[in-house]
Amino acid sequence: MKISYNWLKDYLNINLSDDELSETLTEIGLEVSKVEKYLSVKGGMEGLVIGEVLTCVKHPNADKLSVTTVNIGDKILPIVCGAPNVDKGQKVVVATVGAKMFDGENEFEIKKSKIRGENSEGMICAEDEIGLGDDHDGIMVLSDDAKIGTLAKDFFNIYEDTVFEIDLTPNRPDAISHFGVARDLYAYLKINTDLDLELKLPDVSGFKVDNNNLNIEVEVNNTEACPHYSGITAQNLDVKPSPEWMQNRLKAIGAKPINNVVDITNYILHEIGHPLHAFDAKHVTNNKVVVSTVNEGAKFTTLDERELELSEKDLMICDANLKPMCIGGVLGGNLSGVKNETKEIFIESAFFNPVWVRKSAKRHAISTDASYRFERGVDPNNCIWTLKRAATMMKEIANAEISSDIKDIYPEKLEDFKVELTFKQLDKIVGFVIDRELVKKILNFLEIKIIFENDEKLDLEVPTYRFEMRREADVIEDIIRIYGYNKIPLPEELNTKIIVQQRNKSEVLRQKASHLLTAQGFYEIMSFSLLDRDILKNLGGYSDETVVPVHNPLSKNLDTMRQSLIFGALDAVQRNISVQNQTLKLFEFGSTYFKTNSTEFEGRYIQKYNLSLTLSGIKEKPNWKTTEQNFDFYSLKSYAETVLKGLGLSVDKLTVFDLVDDTFKYGLEYKMGKNQVMKFGAVSRKMLKIYGIDQDVFFAEIDWGFIFDKTTANKPFNEIVKYPKVKRDLALLIDEKVKYSEIEKIGRETDKKTIKEVNIFDVYQGKNIPSGKKSYAVSFVLQDENKTLNDKAIDKVINKLIYNYQNKLSAELR
């Protein structure tokens, strides 16, 4: 939020320096992030003076140039000028040597120079060159009474201001205006200084109705969404540019002047913090305004020409035929807006329910100055004053006639908020005792009424413009703000105690996994838990029955809770690829979200905590000894199994299945019983295309909740087996439809005590192999933890393996 110092002085007679005001604002909780000077003309015409052309002759070496001498008061300058209208005796604007000039956003400096052999020590300016217009046909010629040597910024009365940019917190809707800031400053300065200050609200006592020639009725059909609605009409407006003073103030805070009628509503919004809206009365059908919701899917075109499809939950300002003219508290429509030809208007001043405004603004991805204020809460009891202020300014600036009485619909007036303040709680939170009379004085300057008091407490009435102040803690916070944070005494002693706290199992396991991965070159990422629902529409396994939607999304691209960590991982891969990061080893801990109809889960929603691993790009860069190698499926399998083993989970106890998932081109899933422990594989081309990735990506997702249940924080120590391992190989001829997982499963189950590893080291299909068959070369690692295996024991295991493969897979030995 931007605050103009000149504007602020309209309401509070202060004369602090810019630095003093900045420090004071920050002290009272209105943190100033930036202070900048505003000039109505870029550069402020520094280095420009009023001069008189004494002589003017044609340049001897250029047909289109003139050589002049110009008196600027303290000296006479030779200046070469290219303007066709320059002549002796003219009063002109001169840019002297060293002056900074602007050509759009480009800045250049006036320097001494020679132009075609003639000295030139300045520039005679056209109006577009000094920011006073668009004319560049010739130099700007001033009236004869212009005084030579006068600084141009004084002659043209350049508007100067200091603008403070305030980082306003959401709990201070009362300060989203110049008067709101002035009110806070007044309270603080009255308590902490001896300044003779007066806080002035603009006077509206001169408001009066001129006639009743334009009567527009108002009907409010939804008082929950609009508890207070008021309006008034004005006729015979002269719509034109706003006066210069108003334009300067709006421009200083970054608002764009449009015309005097619209500018008045914007001016009052920044003055008092209460949004207004002006409708062209010609488009208010049958002279009736209806505040109501409309049918789902109704069309509405906004002021900025966006066509919206409305929700039945959008509060609309409509005409008598329920044709929408404005989204209440958010944005007006293009048809009913004030235009240059507008002659009569209906001015709206209302209080809209913050929840309704916020939902509509988010639903349609619209943020306006009005919605920003209504979402935080404006004063519902300020509608009439604001309306009178607008009507008064319309008469002064747009020559309007007020053509109706005020229409005011306020069925249940919001009373001041009742809050009890106990001195015991005040002393506890502040940390020391503030004099009770000073507390009451602070409350008085904050316009908080004391309706009852005794030695223990104060019963208070908080004005409705302090929309957020409903609790005792809120009142105490304001007392401390105005008292002054810097006046709070620091304690002379600091007491503390040492607490030894055992880390919980979840923290220990997560840290163990993190250390394991970072030691192998992985980087941890954190991604957003929201994503675009459209991404899921073409992927299997993500039906509407399981997806968790967000009812009020920040944007349409963030309307669904993620069901996998893969979406954030692919986004991170794409971003890294775009900045030429070639080796990507990423991991993430995060939650995923599911909807279910199962009675097994309370609340119909499931939240899982997972660990993901992502590999993509170059595994090993080329050098004199090796060629470039990229990550592949087996790289990911190795890392994923290393994590499981590192956390104490035996991979041998898991069942392996082929992964069926649209997210993956191919992959595996590891299960224990019916529970999926991990899935991993190569990400499908469909997924990669969504994120604009044209290289292979390998992704694994581990159910961290399952790991947590099945492992311990402290991995038990197992003595190293002192008896040797034995390796044996088998070459098996098996039907090509048989999967590796079946071969491995049979191998491990043949003798769980002795067979420690099962690995395939070769697969062959082709010459000398019958059609429909494959040759698998399988290695087995055997070990007995209690003795050395002899040939008889080894042969027994191998024969049992052969028997099982022959009977279960119809395998043949080669």
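Higher on the page you've got the structure.
Given the structure is predicted, the values throughout are model-derived calculations rather than measurements.

> How should the overall build of the chain be read in this particular structure?
From N to C terminus, the chain includes 20 helices and 42 strands. A compact globule built from 814 residues should have a C-alpha radius of gyration of about 28 Å, whereas the chain, at 39 Å, is more than 25% larger. Viewed in the frame of its principal axes, the chain has a C-alpha envelope of about 120 × 90 × 70 Å. Taking all 814 residues of the chain together, 49% fall into the buried category. Across the chain, the fraction of contacts at a sequence separation of at least 24, relative to all contacts at a separation of at least 6, is 70%. With the model as given, the accessible surface of the chain reaches about 42,300 Å², and the carbon-plus-sulfur share is 46%.

> Please clarify how the pattern of salt bridges should be interpreted in this entry.
When charged atoms on two side chains of opposite charge get close, those side chains can pair. Tallied over the full model, the rule gives 36 salt bridges. Note that E309 is salt-bridged to K299, the shortest N-O span being 3.0 Å. With E309 in strand β19 (residues 307-309) and K299 in strand β18 (residues 299-301), this pair connects stretches of sequence that are 10 residues apart. The two residues E309 and K299 agree in class, both being exposed. Note that D571 and R575 form a salt bridge whose closest N and O atoms lie 3.0 Å from each other. Here D571 and its partner R575 are both found in helix α15 (residues 566-578), four residues apart, which amounts to about one turn of the helix. Owing to a relative accessible area of 29%, D571 belongs among the partly exposed residues under this scheme. For R575, a relative accessible area of 53% gives the class exposed.

> Looking at this structure, I do not really get the packing of helix α2 (residues 18-27) against helix α4 (residues 178-192). What am I missing?
It is the contact of α2 with α4, at a shortest axis distance of 10 Å, that shows an interaxial angle of 90°. Overall, the two elements α2 and α4 adopt an arrangement that is roughly perpendicular. Here L21, T24, L25 and E27 of α2 lie close against α4, whose contacting residues are V181, L185, Y188 and L189. Here the residues of the contact of α2 with α4 sort into six nonpolar, one polar and one charged.

> When you look at the sheet that holds strand β39 (residues 726-735) in this model, what are you seeing that I'm missing?
Across a sheet, paired strands are connected by hydrogen bonds in the backbone, their directions being either parallel or antiparallel. Spatial ordering of the open sheet is given by β40-β41-β39-β42, a layout of four strands whose pairing is antiparallel. Lying at the two open borders of the sheet, with one neighbouring strand each, are β40 (755-764) and β42 (812-813).

> Looking at this structure, how should I read the packing of helix α7 (residues 354-363) against helix α8 (residues 369-376)?
For any two helices packed against each other, the geometry is given by the interaxial angle and the distance between the axes. It is the contact of α7 with α8, at a shortest axis distance of 7 Å, that shows an interaxial angle of 140°. The orientation of α7 with respect to α8, classified from their angle, is oblique. Here the hand of the crossing between α7 and α8 comes out left-handed. Residue-level inspection shows P354, V357, R358 and A361 of α7 in contact with α8, the latter providing S371, F374 and E375. When the residues that make up the contact of α7 with α8 are grouped by side-chain class, the tally is four nonpolar, one polar and two charged.

> I keep staring at the side chain of Q90 and nothing clicks. Help me out?
By secondary structure assignment, the location of Q90 is in the loop between β5 (76-81) and β6 (91-96). A polar contact of 2.8 Å, which involves the side chain of Q90, links it to the backbone oxygen of N85.

> What's the story with α8 in this structure? I'm lost.
For the α-helix, the turn length of 3.6 residues means that residues three or four positions removed from each other point alike. Burial in α8 covers these residues: A370, S371, R373, F374 and E375. Where the residues of α8 are buried, they touch α6 (260-272), β23 (345-351) and α7. At the C-terminal side of α8, G377 shows a positive phi close to 105°.

> I would appreciate a short explanation of helix α9 (residues 383-398) in the present structure.
Between the first and last C-alpha of α9 there are 21 Å, a value that for 16 residues agrees with the 22 Å anticipated at 1.5 Å per step. Most of α9 sits out of view: 12 of its 16 residues are buried. For α9, the complete set of buried residues consists of C383, W385, T386, L387, R389, A390, A391, T392, M393, M394, I397 and A398. Positive backbone phi, at 55°, marks N399, one or two positions downstream of α9.

> Where do I start with unusual backbone geometry in this structure?
What you tend to see is this: most non-glycine residues have negative phi, and most peptide bonds are trans. A positive phi angle, near 55°, is found at N399, a position not held by glycine. Relative to the helices and strands, N399 is located in the loop between α9 and β24 (401-402). The backbone of S810 shows a phi angle near 55°, a positive value even though the residue is not glycine. Examined against the element boundaries, S810 turns out to sit in the loop between α20 (791-809) and β42.

> Would you explain the sheet that holds strand β28 (residues 457-462) in this entry?
Across the sheet, which stays open at both edges, the three strands sit in the order β26-β28-β27 with antiparallel pairing between neighbours. A strand with exactly one partner marks an edge of an open sheet, and here the two such strands are β26 (417-422) and β27 (449-453). With direction set aside, neighbouring strand axes in the sheet form an average angle of 25°. Each of β26 and β28 touches helix α10 (residues 423-430); the most contacted strand, β26, lies at about 70° to it. Together, β26, β27 and β28 form the strand contacts of helix α11 (residues 436-445), whose direction differs from that of β28 by roughly 5°.

> Looking at this structure, how should I read the state of the cysteines?
Put plainly, a disulfide is one covalent bond tying together the sulfur atoms of two cysteines. Following the criterion strictly, the structure yields zero disulfides and no others. No disulfide involves C81; its nearest neighbouring cysteine sulfur is the one of C56, lying 7.5 Å away.

> Help me understand the nonpolar core, please; the structure alone is not making it clear to me.
Burial of nonpolar side chains together is a common tendency in soluble globular proteins. Of all hydrophobic cores here, the largest spans 120 residues; its most connected members are L25, Y229 and L421. Once you skip the residues sitting within four places of it in the chain, L25 turns out to touch L30, E31, V32, F164, I166, V181 and L185. Among the nonpolar cores identified, the runner-up in size contains 33 residues, and L615, F631, V643 and I707 belong to it.

> Please explain the packing of aromatic side chains as it appears in this structure.
Any two aromatic rings considered together are summarised by their centre-to-centre distance and by the angle between their planes. Taken as a whole and assessed by the stated rule, the structure comprises 21 aromatic pairs. Relative to F589, the ring of F587 has its centre 6.1 Å away and its plane inclined at 90°; by these criteria the two rings are edge-to-face. With respect to burial, F587 and F589 carry one shared label: buried. Aromatic pair F633 and F680: ring centres 5.3 Å apart, planes at 25°, arrangement stacked. Of this pair, F633 sits in helix α16 (residues 633-646) while F680 is found in strand β37 (residues 675-683), placing the two residues 47 residues apart along the sequence. In this structure, F633 and F680 share a single accessibility class: buried. The aromatic ring of Y5 is capped on one face by K9, whose charged end is 4.3 Å from the ring centroid. A cation over an aromatic ring shows up here: K608 above the ring of F594, its NZ or CZ 5.7 Å from the ring centre.

> Any chance you could explain the pairing of strand β13 (residues 160-167) here in plain terms?
Within a regular beta strand, the side chains point alternately toward one face of the sheet and then the other, so they alternate between its two faces. When strand β1 (residues 2-4) meets β13, the two strands line up antiparallel, connected through three bridges. Looking across to β13, one finds that I3 is bridged to F164. Sheet topology places strand β2 (residues 31-39) next to β13; eight bridges connect them, and they run antiparallel. Across the sheet, residue K34 finds its bridge partner in β13, namely E165.

> I tried to follow the environment of Y740 on my own but got confused; where do I start?
Of note, Y740 is situated in helix α19 (residues 740-750). Since its relative accessible area comes to 29%, Y740 is described here as partly exposed. Sequence spacing of Y740 and N759 is 19 residues, and the spatial spacing of their C-alpha atoms is 9.4 Å. Setting aside residues up to four positions removed in sequence, Y740 forms contacts with V758, N759 and I760.

> Just checking my understanding: could you explain the environment of G44 for this structure?
Along the chain, G44 falls in the loop between β2 and β3 (48-58). Residue classification places G44 among the buried positions, given a relative accessible area of 4%. Placed 303 residues apart in sequence, G44 and I347 show a C-alpha to C-alpha distance of 37 Å. Leaving out residues up to four positions away in the same chain, G44 has contacts with L39 and K153.

> Would you explain a positive patch on the surface in this entry?
A cluster of basic residues, K753, K787, K792, K796 and K800, forms a positive patch on the protein surface. The topology assignment puts K787 in the loop between β41 (773-782) and α20.

About the criteria used
- Residues numbered from 1 in each chain as written.
- Predicted model: local features only at pLDDT ≥ 70, side-chain atom pairs only at ≥ 80, totals over all residues.
- Heavy atoms only, no water.
- Helix = DSSP H or I, 4+ residues; strand = E, 2+ residues; numbered from the N terminus.
- Rg over C-alpha atoms; globule rule 2.2 N^0.38 Å.
- Buried < 20%, exposed > 50% of the residue type's maximum accessible area, 1.4 Å probe, protein only.
- Contact = heavy atoms within 4.5 Å.
- Areas by Shrake-Rupley, 256 points an atom, 1.4 Å probe, with all protein chains shown as cover.
- Salt bridge = Lys/Arg side-chain N within 4 Å of Asp/Glu carboxyl O.
- Axes fitted to C-alpha atoms, helices over the stretch in contact; angles between N-to-C directions.
- Parallel < 35°, antiparallel > 145°, perpendicular 65-115°, else oblique.
- Nonpolar A, V, L, I, M, F, W, Y, C, P; charged D, E, K, R; others polar.
- Pairing = 2+ DSSP bridges.
- Left-handed = near helix turned anticlockwise from the far one by under 90°.
- Polar contact = N/O pair within 3.5 Å; in protein donor to acceptor, adjacent residues only side chain to side chain.
- Expected span 1.5 Å × (residues − 1).
- Disulfide = S-S within 2.5 Å.
- Core = buried A, V, L, I, M, F, W, Y, C linked by side-chain atoms within 4.5 Å.
- Phe/Tyr/Trp six-rings, centres within 6.5 Å; stacked < 30°, edge-to-face > 60°.
- Lys NZ or Arg CZ within 6 Å of the ring centre and 35° of its normal.
- Patch = residues over 30% accessible without salt bridge, like charges linked within 9 Å, V, L, I, M, F, W, Y side chains within 5 Å.
- Lys, Arg positive; Asp, Glu negative; His and termini not counted.
- Charge placed at Lys NZ, Arg CZ, Asp CG, Glu CD.

Everything listed here is a matter of geometry and, on its own, says nothing about what the molecule does.
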